Amino acid sequence: MSDKEIIEAAREFADKIMTSNTYKDYLYQREKIKKQPELYEKVNEFRKRNFDLQNETESEDMLDRVEDFEREYEKFRENPFVDDFLRAELAFCRMMQEVYVLLADEVDFEV
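Here is a short report on the structure shown in this document. (Residues numbered from 1 in each chain as written. Predicted model: local features only at pLDDT ≥ 70, side-chain atom pairs only at ≥ 80, totals over all residues. Heavy atoms only, no water.)

## Brief notes about the overall build of the protein
- Scanning the protein from terminus to terminus reveals five helices and zero strands.
- Ordered by position from N to C terminus, the α and β elements of the protein give α-α-α-α-α.
- The C-alpha atoms of the protein give a radius of gyration of 18 Å, which is well past the 13 Å a tight globule of 111 residues would have.
- Principal-axis analysis of the C-alpha atoms places the extent of the protein at approximately 55 × 40 × 15 Å. (Helix = DSSP H or I, 4+ residues; strand = E, 2+ residues; numbered from the N terminus. Rg over C-alpha atoms; globule rule 2.2 N^0.38 Å.)

## Some points on a negative patch on the surface
- A cluster of acidic residues, E60, D61, D64, E67, E70, E74 and E78, forms a negative patch on the protein surface.
- Along the chain, E70 falls in helix 4 (residues 62–77). (Patch = residues over 30% accessible without salt bridge, like charges linked within 9 Å, V, L, I, M, F, W, Y side chains within 5 Å. Areas by Shrake-Rupley, 256 points an atom, 1.4 Å probe, with all protein chains shown as cover. Salt bridge = Lys/Arg side-chain N within 4 Å of Asp/Glu carboxyl O. Lys, Arg positive; Asp, Glu negative; His and termini not counted. Charge placed at Lys NZ, Arg CZ, Asp CG, Glu CD.)

## So, the packing of aromatic side chains
- Throughout the structure, instances matching the rule amount to nine aromatic pairs.
- Look at F46 and F76: their rings are 6.2 Å apart centre to centre, the planes differ by 45°, and that puts the pair in the tilted class. Placement of the pair is F46 in helix 3 (residues 37–54) and F76 in helix 4, with a sequence separation of 30 residues.
- We classify F46 as buried; its relative accessible area is 7%.
- Both rings, one in Y73 and one in F76, keep their centres 5.7 Å apart while their planes meet at 70°; by these two values the pair is edge-to-face. With Y73 and F76 both in helix 4 and three residues apart, the pair spans about one turn of that helix.
- Exposure remark for Y73: the relative accessible area of 8% places this residue in the buried category.
- On the basis of relative accessible area, F76 is assigned to the buried category, the value being 15%.
- Aromatic ring contacts, followed pair by pair, group Y23, Y26, F85 and F92 into a single cluster. (Phe/Tyr/Trp six-rings, centres within 6.5 Å; stacked < 30°, edge-to-face > 60°. Buried < 20%, exposed > 50% of the residue type's maximum accessible area, 1.4 Å probe, protein only.)

## Quick notes on the nonpolar core
- Within the largest apolar cluster, 19 residues are counted, with the highest numbers of intra-cluster contacts made by I33, V43, F76 and V82.
- Among the elements that take part in this core, helix 5 (residues 80–106) stands out by supplying six residues, more than any other.
- Apart from residues lying up to four places away in sequence, V43 is in contact with I33, F76, V82, F85 and L86. (Core = buried A, V, L, I, M, F, W, Y, C linked by side-chain atoms within 4.5 Å. Contact = heavy atoms within 4.5 Å.)

## Focus on the pattern of salt bridges
- One pass over the full model with this rule turns up nine salt bridges.
- For R30, the salt bridge identified is with E31, shortest N-O distance 3.8 Å.
- On the basis of relative accessible area, R30 is assigned to the partly exposed category, the value being 23%.
- A salt bridge links R47 to E89, with the nearest nitrogen and oxygen atoms 2.5 Å apart. Of this pair, R47 sits in helix 3 while E89 sits in helix 5, and the two are 42 residues apart along the sequence.
- Judged by its relative accessible area of 26%, R47 falls in the partly exposed class.
- Judged by relative accessible area, E89 falls into the buried class, the value being 14%.
- In the salt-bridge network here, residues are joined through shared partners; they are R77, D83 and R87.

By themselves, these figures tell us nothing about what the structure is for.
Shown next as structure tokens:
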């Protein structure tokens, strides 16, 4: 199989992802929450802080910081628009993660 054929297969695979129910739900929830710009801005702030917290190096107070973060955003997460969007985003991210893991496992590539 040529490189060109592999790239074409990847495009076809991307099309399959974009027609999946998981991706469609993510897009639907994203568009729904974007109609409320202030709420969408807060969601993005939550996502950034969550990402930063998850990617910090372990520290003695990490558990306390995670608990503080969860407490701070507990009421925010109860908003159905927020919860629906974050659940759809998580489902899509998990699906993509499974794809990446599968590719990495299947391709024998030494670094």
